[in-house]
Amino acid sequence: MNLYKYASPTAFYSLAGKLIPWFAIPAALLFIVALYVGFFVAPTDFQQGDAYRIMFIHVPAAWMGMFLYVLMAFYAGIGWSFNARLASMMASSISITGALFTLIALVTGSLWGKPTWGAWWVWDARMTSTLILLFLYIGFISLQSAIDEPRRADRAGAVLALVGVVNVPIIYFSVQWWNTLHQGATIRILNKPTIAPPMLAAMLIMLAACWLYSVAVVLVRVRHIILEREQNVARVAAVAVY
Amino acid sequence: MNWSKFFYMGGYGFYVWGSYIAALILLGVEVLQLVNRGKTLRERNRR
């Protein structure tokens, strides 16, 4: 099986169509499981009461916002370096979902901040750097929309995406580098997590659901971008199911 | 199961449900936008 053929937007269009249900359906099921575990299995926190349950959507959304930015920059860089059309299309497709998850992280963080800190917003390092991440996403999307010629738009977007990637480790380590109201990381790769297993389970299941959802919507959007940019695919799609 | 207690969330109902409703709305808008764009593109290609 020659996987390189899927670097062609025409070949990838039909593959993406076949893959979408395999990500969308498990995503919907896992969202339901995560909500069940988060609201009916995970116990009430002894310090924050039930307010901590915001964590089950806030933390996965924040992680997805950062992860998708790195992925977007990677694809944008590949598209720029190797003049790979599909990689640039993937970067464009990821940007909107990444911006959305970053916005969800900010909104839910604000709704969590009010009952725990007494403020909707504080200019601490993590919140400010996450807001900058949202601005980087908006900048990338706006820049691409502002340039009519797609390849020029891809190159301009790639420069912004690659420069902006420096913000991701700043967000991640901000709670260690600066004094902040934000709590430190409760989950580390090398250390044991400091939260109860049902809480961790709800959060990780929600993360898996968000990841599967992202793959599904990115594949749908990249098919739309392929249809808009590639006239030969548009002719095929007019008569095909996938 | 006491549902009023469940929705009250120990006094944090507005914040907890507000978070999930906001997330649902934002993700729902993305899905609807994709569905509409898909329909528009399919119609355009048929012409």
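Residues numbered from 1 in each chain as written. Chains lettered and ligands numbered in written order. Predicted model: local features only at pLDDT ≥ 70, side-chain atom pairs only at ≥ 80, totals over all residues. Heavy atoms only, no water.

### Some points on the packing of helix H2 (residues 55-82) of chain A against helix H5 (residues 150-164) of chain A
Residue and element names in this part refer to chain A. Short version of the rule: Lines fitted to C-alpha atoms define the axes, with helix axes restricted to the stretch in contact, and inter-axis angles between N-to-C directions lie between 0 and 180 degrees. Helical segments are the DSSP runs of H or I of at least four residues, strand segments are the runs of E of at least two, and each set is numbered from the N terminus. Any angle that falls under 35 degrees is termed roughly parallel, while one over 145 is termed roughly antiparallel, one within 65 to 115 roughly perpendicular, and all others oblique. By convention, the crossing between two helices is left-handed when the near helix turns anticlockwise from the far helix through less than a right angle, and right-handed when the turn is clockwise. In what follows, a contact means two residues having at least one pair of non-hydrogen atoms within 4.5 Å.
Across the interface, H2 lies against H5 with an axial gap of 8 Å and an inter-helix angle of 135 degrees. As far as their axial angle goes, H5 and H2 are oblique. You can see that H2 and H5 cross each other, and the crossing is left-handed. Across the interface between the two elements, Tyr 69, Met 72, Ala 73, Ala 76, Gly 77, Gly 79 and Trp 80 of H2 pack against Arg 151, Arg 155, Ala 158, Val 159, Leu 160, Ala 161, Leu 162 and Gly 164 of H5.

### Comments concerning the pattern of salt bridges
To keep things clear, this is the line we draw: The salt bridge criterion pairs a side-chain nitrogen of Lys or Arg with a carboxyl oxygen of Asp or Glu, the two atoms within 4 Å. Only protein chains enter the calculation, and the probe is 1.4 Å; a residue is then buried if its accessible area is under 20% of its type maximum, exposed if over 50%, and partly exposed in between.
Using the criterion set out here, one finds six salt bridges over all chains in the structure. Notably, a salt bridge pairs A:Arg85 with A:Glu230, separated by 3.0 Å at the nearest N-O pair. You can see A:Arg85 sitting in helix H3 (residues 85-117) and its partner A:Glu230 sitting in the loop between helix H7 (197-229) and helix H8 (231-237), a full 145 residues away along the chain. You can call A:Arg85 partly exposed: its relative accessible area is 37%. Residue B:Arg37 pairs with A:Glu228 through a salt bridge whose shortest N-O separation is 2.8 Å. In this pair, B:Arg37 is assigned in helix H2 (residues 13-46) and A:Glu228 in helix H7, connecting two distinct chains.

### Things to note about the nonpolar core
What counts here: What makes a nonpolar core is a set of buried Ala, Val, Leu, Ile, Met, Phe, Trp, Tyr and Cys residues whose side-chain atoms join them at distances within 4.5 Å.
The biggest cluster of nonpolar side chains holds 78 residues, and the ones touching the most others in it are A:Phe12, A:Met55, A:Phe56, A:Tyr69, A:Met72, A:Phe101 and A:Ile104. Mapped by element, the contributors of at least two residues to this core are helix H1 (9-41), H2, H3, helix H4 (125-146), H5, helix H6 (167-177) and H7 of chain A together with H2 of chain B. Examining the composition of this core, we find that 17 residues originate from one element, H7(A), more than from any other. With near-sequence residues (within four places) excluded, A:Ile104 lies in contact with A:Ile57, A:Ala61, A:Gly109, B:Ala23, B:Leu26 and B:Leu27.

### Observations concerning the confidence of the model for chain A
Heads up, the rule is: Each residue carries a pLDDT score, the predictor's confidence in it, ranging from 0 to 100.
Summary statistics for chain A give a mean pLDDT of 90 and a share of 91% for residues scoring 70 or more. Of all secondary-structure elements in chain A, the lowest mean pLDDT belongs to H8(A), at 62, while H2(A) reaches the highest, 96.

### So, H4(A)
All names here are of chain A. Stated precisely, the cut-off is as follows: Helices are assigned an expected span. That span is 1.5 Å times one less than the residue count.
With 22 residues, H4 should cover 32 Å at 1.5 Å per step; its first-to-last C-alpha distance of 31 Å lies within 8% of that length. Residues Arg 126, Met 127, Ser 129, Thr 130, Leu 131, Leu 133, Leu 134, Leu 136, Tyr 137, Phe 140 and Gln 144 constitute the buried set of H4. Of the surrounding secondary structure, the elements contacted by the buried residues of H4 are H2, H3, H5 and H6.

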